[in-house]
Amino acid sequence: MSTAAALEVHDVDVVLGGTRVLHGVSLLAAAGEVVGLLGPNGSGKSTLLRTAYGVTRPAAGTVHIAGLNVGTTRPRELARRCAVLTQDHAVDLELSVLDVVLLGRIPHPRAMGGRRSNVELARTCLARVDGTHLTDRAFPTLSGGERQRVLLARALCQEPQVLLLDEPTNHLDVSHQLELLAMVTSLDITCVVALHDLTLAATYCDRIALMADGQVVAQGRPAEVLTPARVEDVYGVACDVLSHPRTHRPLIAVSRRAPAAAD
Ligand SMILES: Nc1ncnc2c1ncn2[C@@H]1O[C@H](COP(=O)(O)OP(=O)(O)OP(=O)(O)O)[C@@H](O)[C@H]1O
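Everything numeric in this text was worked out from a predicted model, so none of it was measured.

Considerations on the packing of helix H4 (residues 115–128) against helix H5 (residues 144–157)
For any two helices packed against each other, the geometry comes down to the angle between their axes and how far apart the axes lie.
Line of reasoning, step 1. In contact at an axis separation of 8 Å, H4 and H5 are set at 135° when each is read in the N-to-C sense. What the angle tells us is that H4 and H5 run oblique. Note on packing geometry: the crossing formed by H4 with H5 is right-handed. Contacts between H4 and H5 involve Leu 121, Ala 122, Cys 125, Leu 126 and Arg 128 on the former and, on the latter, Ala 153, Leu 156 and Cys 157.
Line of reasoning, step 2. The residue makeup of the contact of H4 with H5, split by class, is seven nonpolar, no polar and one charged.

Comments concerning the sheet that holds strand E1 (residues 5–16)
Line of reasoning, step 1. In spatial order, the strands read E2-E1-E4-E5; together these four strands make up an open sheet with antiparallel pairing. The sheet terminates laterally at strand E2 (19–30) and strand E5 (68–69), the two strands that pair on one side only.
Line of reasoning, step 2. Judged from the two bridges that link them, strand E4 (residues 60–65) and E5 form a sheet pairing that is antiparallel. From the neighbouring strand, Ile 65 faces E5, where its bridge partner is Leu 68.
Line of reasoning, step 3. Across the sheet, helix H1 (residues 45–52) touches E1, E2 and E4, and the angle it forms with E2 is around 65°.

Observations regarding the sheet that holds strand E10 (residues 215–220)
Line of reasoning, step 1. Taken together, the six strands give an open sheet; going across it, the order is E6-E7-E8-E3-E9-E10, and neighbouring strands pair in mixed fashion. Sheet topology places strand E6 (82–85) and E10 at the edges, where each strand pairs with a single neighbour. With direction set aside, neighbouring strand axes in the sheet form an average angle of 15°.
Line of reasoning, step 2. Here strand E3 (residues 34–38) pairs with strand E9 (residues 207–212) via four bridges, running parallel. Note that in E9 the partner of Leu 37 across the bridge is Ala 209.
Line of reasoning, step 3. Its contacts with the sheet place H1 against E3, strand E7 (162–166), strand E8 (190–194) and E9, and it is angled at close to 150° to E8.
Line of reasoning, step 4. Against the sheet, H5 touches E6 and E7, its axis set at about 175° to E6.

Cut-offs applied
Residues numbered from 1 in each chain as written. Predicted model: local features only at pLDDT ≥ 70, side-chain atom pairs only at ≥ 80, totals over all residues. Axes fitted to C-alpha atoms, helices over the stretch in contact; angles between N-to-C directions. Helix = DSSP H or I, 4+ residues; strand = E, 2+ residues; numbered from the N terminus. Parallel < 35°, antiparallel > 145°, perpendicular 65-115°, else oblique. Left-handed = near helix turned anticlockwise from the far one by under 90°. Contact = placed C-beta atoms within 7 Å. Nonpolar A, V, L, I, M, F, W, Y, C, P; charged D, E, K, R; others polar. Pairing = 2+ DSSP bridges.

Worth remembering: the numbers are spatial, not functional.
Structure below.
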């Protein structure tokens, strides 16, 4: 793999239930880069992320994370380098929020700081997601957005080099959406983040990979990828791309369904 890439997905095919879901997908994320994964429902974003962290095995192609071949690396070793925030909130254990965040330390050897420094780190991670007030709550009693933030704190507590986020702004109010993306993009961590909001992606991501029908159809800087023609082609909606008056990033104003795609 190229030395600068913290994540390198190379020519990956994925077959699920007899259907080819990803077709020759390649994706690069350089160290410290934030890559937004966009695309319509069912275009393959979650499948690509699941393949990147090794839960889904590709039928062809390779994935490297921080130089390790995901297909041949033990999960625990991988988890020292890569953390994941998925859409499946399987953590319904009767654990306190602090203990859920501490789960992020499991992949690391015990020698890496004792309980006390792990607790300190967990508290710091909770503070970063605006979750200090939740520390002693029972995790199952949290709202959807609070859970999302606590699970992000758990991912940060893993101290990963690569962070994979599948629609992390789901459940979050607008303030916490902005806060989460600002925080994630301020970290010195490589991030690949699946998003649905085009303007949010254009505001916070260094690069965008746009998916359609199981393929990456465009990769590049937000303004290069999110052109009106491409948005119309991939999503079937018309849009104007303006300059945000404050951020000067692309502001994607969706105006109507494109005539060709109208019912
Ligand atoms: N186990 C499976 N068997 C067959 N098809 C599957 C399976 N899992 C996913 N798929 C299909 O793979 C395609 C890609 O799904 P995926 O969840 O990766 O899309 P997505 O871009 O993340 O969608 P969304 O935006 O709706 O979350 C979809 O057509 C989905 O129905």
